[in-house]
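Report on the structure
Spelled out from the first residue to the last, the chains are:
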There are 2 protein chains.
Amino acid sequence: MNELKERIAAAAHELFTEHGPEGVSMRKIAQQVGVTAPAIYRHYKDKGELLDGIINDGLEKLQSRLAPALEAATPLERLRRMGDAYLDFAIEQPTFFDYAFMTPKRSSGSISEELQRHDRRIFRHAIEQVTHCIHDGTFGPSDPIEVAIRVWSTVHGLITLFRTGRLGLGDDQFRETYRRTVDQMLADLRPRND
Amino acid sequence: MNELKERIAAAAHELFTEHGPEGVSMRKIAQQVGVTAPAIYRHYKDKGELLDGIINDGLEKLQSRLAPALEAATPLERLRRMGDAYLDFAIEQPTFFDYAFMTPKRSSGSISEELQRHDRRIFRHAIEQVTHCIHDGTFGPSDPIEVAIRVWSTVHGLITLFRTGRLGLGDDQFRETYRRTVDQMLADLRPRND
DNA sequence: GTCTATAGGTGGATAGAC
DNA sequence: GTCTATCCACCTATAGAC
């Protein structure tokens, strides 16, 4: 019925994806849809409502990538797949990744609460899998939280170095580097003999 | 002689530090200095010249932190101190760190060449120290570049997770977590018996 | 439901008086 | 060297005609 509303959302999404949050303006959306700016206000209360929609879509996509990771057989495999999901998301939705996970918190609480909830849940899952890995002897005895932070930092660090262009690699080259680096890190968490 | 020019630079610096790059405008600088906006153009060609000054100052500060790290006795200690310097810089110049190291590269080459040069030099030093660590038996046999990427990712990942508020820690708490995590990672790079 | 017109705000930068 | 006045571009959002 209300196809204009959807076309507005799609245009907003496209502007966000291609030019970042600063690239989204009511005028540009309107121009892309083929109406004037005030017409948008018949369908959306204000700009914030449009941006909220974009954020929700992004979080849903991330969620849909992460969920299957937790179905894997072993805790180590679940951990690995979570990292893969995080990587896939960063490569498929780069602008959203940058905006959601690379934007400083700034004094005024700019980070959305929705996002924060998702974030804590991911971390909680990671700690859980690490705990299992320690108990079943896949990893050596350590503090699960500390190990989870280490795993998360490495994965997140790799991806942000890549996203800021500091590794000088293309998508495919980076995927290989990511794979090798994460596997080696996980291997080094095995119990030691000395 | 030209103290107004310095006061303009100082005001620009302060606005940048407190409100980020978006918070710097000719009008606000002028207001803070106590003149009108056009007066600034007698001292600076345009806004870009002002921002360049801020970037140069920041890179100089980072450089002054990193240089002493390379004077340490062992390659492992040099590596550790480089990480510490990076952390100190992120905590002391948070806005600059965010802008320089957490901003996505975007299609149009927005990352300054100066910055890129510094970056590559840091990475080159890291690879060098890692190579020494492998040769003198501090680390097990591995590809130096890969290990350097791992070390750098962990350090960078920890700091960016902290800077985006996702670890939920204050400066001092984070310093402890950082210390423990990095030390443990370096320890796990020792040669293995199995 | 969309339009025009407009209010009221941000910003960078220049011309010409003083 | 600084001022006022101004131009231009951009933005969000509303009022009221159609």
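Residues numbered from 1 in each chain as written. Chains lettered and ligands numbered in written order. Predicted model: local features only at pLDDT ≥ 70, side-chain atom pairs only at ≥ 80, totals over all residues. Heavy atoms only, no water.

For chain A, the helix and strand inventory stands at 8 helices and 0 strands. Scanning chain A from its N terminus toward the C terminus, one meets helices and strands in the order α-α-α-α-α-α-α-α. Overall size of chain A, expressed as C-alpha extent along the three principal axes, is 70 × 35 × 30 Å. Taking all 194 residues of chain A together, the buried fraction comes to 45%. Considering only intrachain contacts with a sequence separation of at least 6, the fraction spanning at least 24 residues in chain A is 60%. Once the 26 positive and 29 negative side-chain charges of chain A are each reduced to a mean point, those two points are 3 Å apart. (Helix = DSSP H or I, 4+ residues; strand = E, 2+ residues; numbered from the N terminus. Buried < 20%, exposed > 50% of the residue type's maximum accessible area, 1.4 Å probe, protein only. Contact = heavy atoms within 4.5 Å. Lys, Arg positive; Asp, Glu negative; His and termini not counted. Charge placed at Lys NZ, Arg CZ, Asp CG, Glu CD.)

Turning our eyes to something else, we now look at the protein's contact with DNA strand D. Neighbouring DNA strand D are 16 residues, the closest being Arg 27 of chain A together with Leu 4, Thr 36, Arg 42 and His 43 of chain B. Sugar plus phosphate, as a fraction of atoms of DNA strand D within 4 Å of the protein: 57%. Here a phosphate oxygen of DNA strand D sits 2.9 Å away from a polar atom, N or O, in the main chain of Met 26 of chain A. Taking Thr 36 of chain B, its side chain carries an N or O atom lying 2.7 Å from a phosphate oxygen of DNA strand D. Among the elements that make up the surface near DNA strand D, the one with the highest residue count is helix α2 (residues 26-33) of chain A (3 residues). Here the residues of the surface near DNA strand D sort into 8 nonpolar, 3 polar and 5 charged. (Near = heavy atom within 4 Å. Polar contact = N/O pair within 3.5 Å; in protein donor to acceptor, adjacent residues only side chain to side chain. Nonpolar A, V, L, I, M, F, W, Y, C, P; charged D, E, K, R; others polar.)

Turning our eyes to something else, we now look at the pattern of salt bridges. Any two side chains of opposite charge can pair, so long as their charged atoms come close to each other. All names here are of chain A. All told, the structure shown has 28 salt bridges over all chains when counted by the stated rule. One salt bridge connects Arg 81 with Glu 77, and the closest N-O pair in it is separated by 3.5 Å. Placement of both Arg 81 and Glu 77 in helix α4 (residues 75-92) is noted, with a separation of 4 residues, approximately one turn of the helix. When its relative accessible area of 39% is taken as the criterion, Arg 81 is described as partly exposed. (Salt bridge = Lys/Arg side-chain N within 4 Å of Asp/Glu carboxyl O.)

Let us look at the packing of aromatic side chains. Residue and element names in this part refer to chain A. For the structure shown, the criterion picks out 16 aromatic pairs over all chains. Between the aromatic rings of Phe 89 and Phe 96, the centroid separation amounts to 5.7 Å while the plane-to-plane angle is 80°, which identifies the pairing as edge-to-face. Look at Phe 89 and you get buried, because its relative accessible area is 0%. Judged by centre distance (4.2 Å) and plane angle (5°), the ring pair of Phe 162 and Phe 174 falls under stacked. (Phe/Tyr/Trp six-rings, centres within 6.5 Å; stacked < 30°, edge-to-face > 60°.)

The next subject is the interface of chain B and chain A. Of the residues lining the interface, 45 residues belong to chain B; the matching set on chain A comes to 45 residues. Each partner contributes to the roughly 4000 Å² buried at the junction of chain B and chain A, and carbon and sulfur atoms together form 48% of this total. Of all residues in chain B, Arg 150, Arg 166 and Arg 192 of chain B bury the most surface against chain A, accounting for 19% of the area lost on that side. Linking chain B to chain A there are 6 salt bridges. One salt bridge in this structure joins Arg 166 of chain A and Asp 119 of chain B, with 2.7 Å as the shortest N-O distance. Where chain B touches chain A, the interface holds 15 residue pairs in polar contact (both at pLDDT 80 or more). Elements with a contribution of two residues or more to the side of chain B that touches chain A: α5 (94-101), α7 (144-163) and α8 (171-187) of chain B. Counting residues per element, the side of chain B that touches chain A draws most heavily on α7 of chain B, which supplies 13 residues. In terms of residue class, the side of chain B that touches chain A is made up of 16 nonpolar, 15 polar and 14 charged. (Buried area = accessible area lost by both parts, 1.4 Å probe.)

Right, let's get into the protein's contact with DNA strand C. DNA strand C sits among 16 residues. The nearest are Leu 4, Thr 36, Arg 42 and His 43 of chain A together with Arg 27 of chain B. Sugar plus phosphate, as a fraction of atoms of DNA strand C within 4 Å of the protein: 57%. A distance of 2.8 Å separates a phosphate oxygen of DNA strand C from a polar backbone atom of Met 26 of chain B. Measuring from a phosphate oxygen of DNA strand C, one finds a side-chain N or O atom of Lys 28 of chain B at 3.2 Å. Of the residues contributing to the surface near DNA strand C, the split by class is 8 nonpolar, 3 polar and 5 charged.

Okay, the domain arrangement of chain A next. Residues and elements named next belong to chain A. Taken domain by domain, chain A consists of domain 1 (1-44) and domain 2 (48-188). A straight line from the C-alpha centre of domain 1 to that of domain 2 covers 30 Å. On the domain 2 side, the residues contacting the 13 residues of domain 1 number 7 residues. The contact between domain 1 and domain 2 buries some 930 Å² in all, and 80% of this surface belongs to carbon and sulfur atoms. On the domain 1 side of the contact with domain 2, His 13, Phe 16 and Tyr 44 bury the most area, a combined 60% of that side's loss. Seen at the junction of domain 1 and domain 2, the total is 0 salt bridges. Connecting domain 1 to domain 2 are 1 residue pair in polar contact (both at pLDDT 80 or more). For the side of domain 1 that touches domain 2, the element with the most residues is helix α1 (residues 3-19), which contributes 6 residues. When the residues that make up the side of domain 1 that touches domain 2 are grouped by side-chain class, the tally is 9 nonpolar, 4 polar and no charged. (Domains from an automatic or database assignment.)

Moving on, we come to the environment of Met 102 of chain A. One can find Met 102 of chain A in the loop between α5 (94-101) and α6 (113-135). Under the relative-accessibility criterion, Met 102 of chain A is labelled buried at 3%. Setting aside residues up to four positions removed in sequence, Met 102 of chain A forms contacts with Phe 97, Thr 160, Arg 163 and Thr 164 of chain A together with Met 102, Pro 104 and Thr 164 of chain B.

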